[in-house]
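# Structural features, examined
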Amino acid sequence: MSLKRAKITGVGRYVPEYVLTNAELETLVDTNDEWIRSRTGISERRILKDPEKATAFMAEKASREALEEAGVDASEIDAIVIATVTPDYIFPATAALVQKRIGATKAYGFDLSAACSGFLYALSTGGMMIESGRAKKVLVVGADKMSAIVDYTDRTTCILFGDAAGAVVLEEADSGGLIDFVHHTEGDEDCMLYQPAGGSLRPASIETVQNRMHSLRQDGRSVFKKATEGMADVSLEIMERNNLKGDDVAWLVPHQANLRIINATARRVGLSTDKVMVNIDKYGNTTAATIPLCLYDWKDKLKNGDKLILSAFGGGLTWGAVYLEWNK
Ligand code: UT7
């Protein structure tokens, strides 16, 4: 067994064409553009309107693009890990659908449920597969069709979320690559952020549908407090244990849930805003897709040797950070 690190060799993404603006949301719920932009930083988000298409469709598109950039044929992929809380079905896994559609004939695949931290959990899982020597090429995807579980009569949540997918190909690195990760979980028994029905505790019934229990619910203020602490703490934790100061880090790649949480994290870790990837204004919170969407939007600016801190906080509760050195 080798002990090689993993590195990202290709990044792809898919965002649906339909743009849901703050102005359109004003026609659905009692809200306004000024409130949304000042409280969240969001101007618009993308929505997958076609009812026949869902998370696997977006994940497939993003995966194909990532594979093309990496110059890797799908048949070479050993494993597929897809982070999502909006799988097409409870089972089969979205990863299984994508495996078939892209022709990853020798790959096994599974979904991973860690909400907004899902991409980082999946990235470190894929990284460990390569480090162990069990896999040489792994496809890691973060994809969510949040519009499928958003209640568009609830102004406290419907303004936040969008649909998208991001994918990366991981391969063995000679230097740099995924260097470290820290993950945390704290079971959310208080149901601060959850989807009440549709699981085995509350299967679909007339009552669950009538009470809109298949949509996500969030106690925004409580999650905000936890997220602000958690993202900053975990970012500092991974920096300190790798002896990194703010000046050493080229880019902070934060989960895009709220611009105020992102700015608070950047301040705590000592990074100026020009070193923080932010695209929440265009896409809103796309749950597992936010971090790969940032990597995609910034890929022309990334230089080999750049030290990146990726960090996220989300439902579960889950939070985590990945330290990687860009080396493509
Ligand atoms: O990605 C997964 C993790 N999730 C997060 O990190 C999200 C964390 N939470 C947040 O980002 C914020 O809590 C929100 C953006 C959801 C809400 O912002 P807030 O500054 O925490 O607002 P709030 O919940 O304290 O509400 C302030 C006021 C309330 O009115 P009153 O009670 O002060 O009269 C709300 O009813 O704003 C009202 N409000 C709205 N007003 C206009 C809530 N939603 C809206 C809205 N438009 N869409």
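Heads up: these notes are all about the structure in this document. (Residues numbered from 1 in each chain as written. Predicted model: local features only at pLDDT ≥ 70, side-chain atom pairs only at ≥ 80, totals over all residues. Heavy atoms only, no water.)

### With respect to the pairing of strand β7 (residues 163–173)
Most of β7 sits inside the fold, with 10 of its 11 residues counted as buried. Inspection of the sheet shows strand β1 (residues 5–14) paired to β7 by nine bridges, in the antiparallel sense. Within β7, the position partnered with R13 by the bridge is G166. Direction of pairing for strand β6 (residues 137–145) relative to β7: antiparallel, over a ladder of nine bridges. Within the sheet, the bridge partner assigned to D144 lies in β7 and is A164. (Buried < 20%, exposed > 50% of the residue type's maximum accessible area, 1.4 Å probe, protein only. Helix = DSSP H or I, 4+ residues; strand = E, 2+ residues; numbered from the N terminus. Pairing = 2+ DSSP bridges.)

### Here we look at the site of the ligand
Not every one of the 25 residues close to the ligand is listed here, only the nearest: T31, R39, R221, N258 and N285. R39 places a polar side-chain atom, nitrogen or oxygen, 2.8 Å from an oxygen atom of the ligand. R221 places a side-chain nitrogen or oxygen 2.5 Å from an oxygen atom of the ligand. Compared with its free state, where it exposes 950 Å², the ligand has 77% of that area covered by protein. (Near = heavy atom within 4 Å. Polar contact = N/O pair within 3.5 Å; in protein donor to acceptor, adjacent residues only side chain to side chain. Areas by Shrake-Rupley, 256 points an atom, 1.4 Å probe, with all protein chains shown as cover.)

### Remarks on the sheet that holds strand β12 (residues 307–314)
The strand order across the open sheet formed by four strands is β8-β13-β12-β11, and the pairing between neighbours is mixed. The two strands at the open ends of the sheet, each matched to only one other strand, are β8 (177–185) and β11 (251–254). The average undirected angle you get between the axes of adjacent strands in this sheet is 15°. Taken together, the eight bridges between β12 and strand β13 (residues 318–325) define a ladder with antiparallel strand orientation. Bridged to A312 within β13 is G320. (Axes fitted to C-alpha atoms, helices over the stretch in contact; angles between N-to-C directions.)

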